[in-house]
Amino acid sequence: MISSERMAMVDRNAAALGVSTKQLMESSGNAVARAVRERADPGDGVLMVCGRGNNGGDAMVAARFLDEFDTETVLLGRPETIRTDIARENWDAIAESDLPTRTVTDSREFDLDDHDPDLVVDAMLGTGVTGALREPEATVARRLNAADVPVVSVDVPSGVDADTGTAAGTAVDADAVVTFHDDKPGLADLAADVTVADIGIPSAAETFVGPGDLLALDRDADSHKGDNGEVLVVGGGPYTGAPALAARAALRAGADLVRVACPAPVAREIQGYGPDLIVRGFDGDRLAPRHVDDLLDRAADQDAVVFGPGLGSDDATLEAVAEFLAGYDGRAVVDADALQVAPGVHTDAELICTPHQGELRKMGGETAADWRERADLVTEFASDLGHTVLVKGRYDVVSDGEETRVGRTGNPGMTVGGTGDVLAGVTGALAAQIGSTLQAAALAAWANGRAGDDAAAEYGNGLAASDLPDRIPQALRDEEV
Ligand SMILES: NC(=O)C1=CN([C@@H]2O[C@H](COP(=O)(O)OP(=O)(O)OC[C@H]3O[C@@H](n4cnc5c(N)ncnc54)[C@H](O)[C@@H]3O)[C@@H](O)[C@H]2O)[C@@H](O)CC1
Ligand SMILES: [K+]
């Protein structure tokens, strides 16, 4: 089962792997042709009713495959208004091939009696539908529903939302649906006979994080300050640089406000790094249980907390971590020494734990050299833990216990100290902006590795963690880095 949002990500990831949407459309059209052959006899009249998006493009491809039928392809709209290049190329191909075509711009021009088909392929709208069908689609849908002709819908019955199985207005009442790649959540509720067609999307497009995953970040263009998340970084003690790196990375990953809570001497040093971070120190030189109430207050209105960078592992500090997690019910990224505490704490918080393989073992998890085996082990571990886990490595493995993704960006230069702090900060910022912790962590791992690859292109194995944060914005764009 796949949501249409995830399907769009996977489609983009497939293209990045070299399998273009046009190739997928060819497979989709072929699958539609197969469904037609199962329901009609050679020589039968088959009417393709196409919208101007890629859903229509699928049926235009099918028309090419159905030579033994008496096909006619109707486009609802003028060819110049076809919305995608690949749908237009397929329209041009059938028009140039002298396959019968017609364009309909007004529903009054659409009369089923003119065609008298034995079967109709409904390709007006697929996953691109928003709201109720407009004209001429709505009237055409009503005419199809009123006629006594079998209808095969492409991907989803036009007008139906594939995620809910509901329509905002009139929708095509399909006899059969050929849907692509995976079943869609809403289709089971329909009376139609649903077939899932494999269209050749490589499983890597789902397993490996790719540029398509950036769609999870689609921002509201008119968002105002606060909408993209406020992040609190709790860290520092024996180490000063770690919380500063995490905080800077969180800013660069798009958080609107990043605050740092750290011991007073660390705060003084971080303030010297510049004006971007809001730093507040607490007394003493290590986190201790007496600080927890104040931290919980400060964390309460944050979108995400990043807990751990540079805290150290004093007994009192670990006790404070446990108390914080037990009392917190928001979202937190748990990193570094704080990780060893997480498995033993009962918490209502939604955690993203970011161990490297050594830290994973300390948490009670297992690891393996082969990434596939490691992915299985991490999935099981995350399921037992009840939280999202991001295990860093040559291939980063991210799982929430149900779904698992693998990030394969990054390079050996990134074993330098501090890159994990950057990743924790990016994860915090994305967890503040994206609904799914799995998606946030997966994208963070991918972007962090991309920033590292960009830094390695310049500095090779001499790259430093501080080279990464300023490269995060570019790594979070769907362009080459
Ligand atoms: N994602 C994938 O991997 C693939 C998708 N393919 C096909 O592409 C389809 C999605 O294509 P598109 O994204 O171009 O979208 P559609 O073809 O579903 O819709 C096209 C356009 O219709 C317009 N529209 C939206 N709501 C409307 C309404 N209520 N009334 C009238 N017009 C409306 C919009 O301008 C939209 O861009 C899928 O359903 C599937 O059939 C396949 O070609 C190949 C692979
Ligand atoms: K359709």
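Residues numbered from 1 in each chain as written. Chains lettered and ligands numbered in written order. Predicted model: local features only at pLDDT ≥ 70, side-chain atom pairs only at ≥ 80, totals over all residues. Heavy atoms only, no water.

**Side note on the sheet that holds strand 14 (residues 388-391)**
- In spatial order, the strands read 10-9-8-11-12-13-14-15-16; together these 9 strands make up an open sheet with mixed pairing. Looking at which strands have only one partner, the edges of the open sheet turn out to be strand 10 (278-282) and strand 16 (404-407). Geometrically, the sheet is characterised by an average inter-axis angle of 15° between neighbouring strands, direction not taken into account.
- Bridging between strand 12 (residues 331-334) and strand 13 (residues 350-353) involves 4 bridges; their strand directions are parallel. If you follow valine 333 over to strand 13, its bridge partner there is isoleucine 352. (Pairing = 2+ DSSP bridges. Helix = DSSP H or I, 4+ residues; strand = E, 2+ residues; numbered from the N terminus. Axes fitted to C-alpha atoms, helices over the stretch in contact; angles between N-to-C directions.)

**Some remarks on the pattern of salt bridges**
- Applying the stated criterion across every chain, the model contains 26 salt bridges.
- Here arginine 64 makes a salt bridge to glutamate 26, at a shortest N to O gap of 2.9 Å. Taken together, the residues span a long stretch of sequence, with arginine 64 in helix 3 (residues 54-65) and glutamate 26 in helix 2 (residues 21-39) at a distance of 38 residues.
- Put simply, Arg6, Asp213, Glu403 and Arg405 are held in one network by salt bridges that share partners. (Salt bridge = Lys/Arg side-chain N within 4 Å of Asp/Glu carboxyl O.)

**So, the UniProt feature "domain: YjeF N-terminal" (unreviewed entry) in the protein chain**
- Summarizing the sequence annotation, UniProt attributes the feature "domain: YjeF N-terminal" (unreviewed entry) to residues 7-207 in the numbering used throughout.
- For residues 7-207, the end-to-end C-alpha separation is 13 Å, with 35% helix and 18% strand making up the annotated structure. (UniProt positions renumbered as here; feature names shortened; annotations may be inferred.)

**Some thoughts on the domain arrangement of the protein chain**
- Under the domain assignment, the protein chain is made up of domain 1 (4-207) and domain 2 (223-475).
- Inter-centroid distance (C-alpha atoms) of domain 1 to domain 2 is 45 Å.
- With 5 residues of domain 1 in contact, the opposing surface of domain 2 contributes 6 residues.
- Taken over both partners, the interface formed by domain 1 and domain 2 buries close to 380 Å², and the fraction arising from carbon and sulfur atoms is 49%.
- Its largest share of buried area at the contact with domain 2, domain 1 owes to Arg6, Met9 and Thr207, together 79% of the area lost on that side.
- Linking domain 1 with domain 2 are 0 salt bridges, by the criterion used here.
- On inspection of domain 1 and its partner domain 2, the count reaches 1 residue pair in polar contact (both at pLDDT 80 or more).
- Of all the elements in the fold, those that place two or more residues in the side of domain 1 that touches domain 2 are helix 1 (4-16) and helix 7 (204-207).
- Partitioned by chemical class, the residues of the side of domain 1 that touches domain 2 number 2 nonpolar, 1 polar and 2 charged. (Domains from an automatic or database assignment. Contact = heavy atoms within 4.5 Å. Buried area = accessible area lost by both parts, 1.4 Å probe. Polar contact = N/O pair within 3.5 Å; in protein donor to acceptor, adjacent residues only side chain to side chain. Nonpolar A, V, L, I, M, F, W, Y, C, P; charged D, E, K, R; others polar.)

**A look at helix 15 (residues 437-459)**
- An ideal rise of 1.5 Å per residue puts 33 Å on 23 residues; helix 15 measures up with 32 Å between its terminal C-alpha atoms.
- Among the 23 residues in helix 15, 17 count as buried, and that is most of the element.
- At the N-terminal boundary of helix 15, the capping side chain belongs to serine 436, with an oxygen 3.3 Å from the backbone nitrogen of leucine 438.
- Two residues or fewer past helix 15, glycine 460 is found with a positive phi of approximately 60°. (Expected span 1.5 Å × (residues − 1). Buried < 20%, exposed > 50% of the residue type's maximum accessible area, 1.4 Å probe, protein only.)

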